[in-house]
Amino acid sequence: NAGVMQNPRHLVRRRGQEARLRCSPMKGHSHVYWYRQLPEEGLKFMVYLQKENIIDESGMPKERFSAEFPKEGPSILRIQQVVRGDSAAYFCASSSGRGARGQPQHFGDGTRLSIL
Amino acid sequence: TQLLEQSPQFLSIQEGENLTVYCNSSSVFSSLQWYRQEPGEGPVLLVTVVTGGEVKKLKRLTFQFGDARKDSSLHITAAQPGDTGLYLCAGERAGGTSYGKLTFGQGTILTVHP
């Protein structure tokens with residue numbers, strides 16, 4: 001399966017712990033996007049990364065959240081000191097280029113984060 | 001305020017009926033995608049439209065992008081129970097710094113009864 005791979009699929013953390021969500025893009029894709037889907041809400045953009053660069057982080061909460069996409073390895077979305085309100089499904093998408101004209105985003109199956 | 005207004009939010013129909021889902025905005029989009037999402041899974045891309053007035057067909061599904069690139073529609077002919085699911089429109093706003101960032105509608109939950 002050459003699709004977008006996210007792990008873990010489910011993650012349970014206690015308040016105050018750290019959560020690390022991983023995303024391996026489709027083969028040949030160098031653009032990664034993270035979205036969050038809160039209960040009863042639609043998908044909201046969080047951050048857009050290329051290898052070693054953050055292109056747009058306008059949707060990221062100002063504190064506790066960070067993202068990276070290193071030269072080698074998967075993209076990581078890191079949430080420090082998690083709170084109950086962080087419980088959501090986090091989706092990663094990848095594309096082969098910037099902009100969707102002929103280069104649409106393909107999504108992984110998400111990580112369901114639950115905070116106890 | 002939702003940038004992309006998707007309607008209806010819920011749709012329950014009988015097998016064989018036709019239906020249309022709408023996605024409207026006051027903003028111009030450089031492209032618009034339609035996705036389908038099953039419970040516990042990620043959105044699966046159905047189609048991308050990039051040209052104003054463009055119409056694309058995928059078997060019984062017809063997608064249209066408005067002339068002004070502010071709206072789109074998804075029409076399903078002779079719906080089948082297998083069409084049941086959550087349908088999402090998502091657009092990339094034209095110009096500025098929104099390049100690569102998708103804005104999603106709230107989704108339409110379609111249920112097709114046998």
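Now for a look at the structure at hand. (Residues numbered from 1 in each chain as written. Chains lettered and ligands numbered in written order. Predicted model: local features only at pLDDT ≥ 70, side-chain atom pairs only at ≥ 80, totals over all residues. Heavy atoms only, no water.)

## With respect to the overall build of chain A
Within chain A, the regular secondary structure consists of zero helices and 11 strands. The order of helices and strands in chain A, counted from the N terminus, is β-β-β-β-β-β-β-β-β-β-β. Taken over the C-alpha trace, chain A has a radius of gyration of 13 Å; the compact-globule value for 116 residues is 13 Å, and the two agree within 12%. Counting every position in chain A, which comprises 116 residues, the buried fraction comes to 45%. For chain A, contacts bridging at least 24 residues in sequence account for 53% of all contacts bridging at least 6. Accessible surface, chain A: about 5,900 Å² in total, of which carbon and sulfur atoms supply 44%. Positive and negative charge centroids in chain A, built from 18 and 11 side chains respectively, lie 3 Å apart. (Helix = DSSP H or I, 4+ residues; strand = E, 2+ residues; numbered from the N terminus. Rg over C-alpha atoms; globule rule 2.2 N^0.38 Å. Buried < 20%, exposed > 50% of the residue type's maximum accessible area, 1.4 Å probe, protein only. Contact = heavy atoms within 4.5 Å. Areas by Shrake-Rupley, 256 points an atom, 1.4 Å probe, with all protein chains shown as cover. Lys, Arg positive; Asp, Glu negative; His and termini not counted. Charge placed at Lys NZ, Arg CZ, Asp CG, Glu CD.)

## Thoughts on the interface of chain A and chain B
Interface size is commonly expressed as the accessible area that is lost once the parts come together. Each side of the interface is counted separately: chain A has 22 residues, and chain B has 21 residues. Both faces combined, the contact of chain A with chain B buries some 1,800 Å², and carbon together with sulfur accounts for 53% of it. Linking chain A to chain B there are zero salt bridges. For the pair chain A and chain B, the interface holds six residue pairs in polar contact (both at pLDDT 80 or more). (Buried area = accessible area lost by both parts, 1.4 Å probe. Salt bridge = Lys/Arg side-chain N within 4 Å of Asp/Glu carboxyl O. Polar contact = N/O pair within 3.5 Å; in protein donor to acceptor, adjacent residues only side chain to side chain.)

## Structural notes on the state of the cysteines
Scanning all chains against the criterion turns up two disulfides over all chains. Disulfide pairing is shown between A:Cys23 and A:Cys92; the S-S distance is 1.8 Å. Its S-S torsion of about -55 degrees marks the bond between A:Cys23 and A:Cys92 as left-handed, since a negative value means left-handed. With a gap of 69 residues between them, A:Cys23 in strand 3 (residues 19-24) and A:Cys92 in strand 9 (residues 88-95) connect regions that are remote in the sequence. For B:Cys23, the disulfide goes to B:Cys89, at an S-S distance of 1.9 Å. Across the disulfide from B:Cys23 to B:Cys89, rotation about the S-S bond amounts to roughly 70 degrees, and the bridge is consequently right-handed. You can see B:Cys23 sitting in strand 3 (residues 19-24) and its partner B:Cys89 sitting in strand 9 (residues 85-93), a full 66 residues away along the chain. Overall, the relative accessible area of 0% leaves B:Cys89 in the buried class. (Disulfide = S-S within 2.5 Å.)

## Section: the packing of aromatic side chains
Enumeration according to the criterion identifies eight aromatic pairs over all chains in this entry. Seen in terms of ring centroids, A:Tyr33 and A:Tyr48 are 4.5 Å apart; in terms of plane orientation they differ by 20 degrees. Their pairing is stacked. Of the two residues, A:Tyr33 is situated in strand 4 (residues 31-37) and A:Tyr48 in strand 5 (residues 43-50); the sequence distance between them amounts to 15 residues. This pair shows no difference in class: A:Tyr33 is buried, exactly as A:Tyr48 is. Aromatic rings pair up to connect A:Tyr35, A:Phe45, A:Phe107, B:Tyr35 and B:Phe104 into one cluster. (Phe/Tyr/Trp six-rings, centres within 6.5 Å; stacked < 30°, edge-to-face > 60°.)

## Quick notes on the pairing of strand 4 of chain A
Residue and element names in this part refer to chain A. The buried count for strand 4 comes to seven of seven residues, which makes it a mostly enclosed element. Alternating positions in strand 4 separate into two faces, His31, Tyr33, Tyr35 and Gln37 on one and Val32, Trp34 and Arg36 on the other, with burial throughout. Two elements, strand 4 and strand 5, share seven bridges in a ladder whose sense is antiparallel. Directly across from Gln37, in strand 5, lies its bridge partner Leu43. Joining the antiparallel neighbours strand 4 and strand 5 is a turn of five residues, in which Glu40 adopts a positive phi near 65 degrees. (Pairing = 2+ DSSP bridges.)

## Examining the sheet that holds strand 8 (residues 71-76) of chain B
Whether parallel or antiparallel, the strands of a sheet pair through hydrogen bonds between backbone atoms. Residues and elements named next belong to chain B. Read from one edge to the other, the open sheet built from five strands follows the order 1-3-8-7-6, with strand pairing classed as antiparallel. Lying at the two open borders of the sheet, with one neighbouring strand each, are strand 1 (5-7) and strand 6 (55-58). Pairs of neighbouring strands in the sheet enclose a mean axial angle of 15 degrees, with direction left out of account. Relative to strand 3, strand 1 runs antiparallel, the two sharing three bridges. Looking across to strand 3, one finds that Gln6 is bridged to Cys23. (Axes fitted to C-alpha atoms, helices over the stretch in contact; angles between N-to-C directions.)

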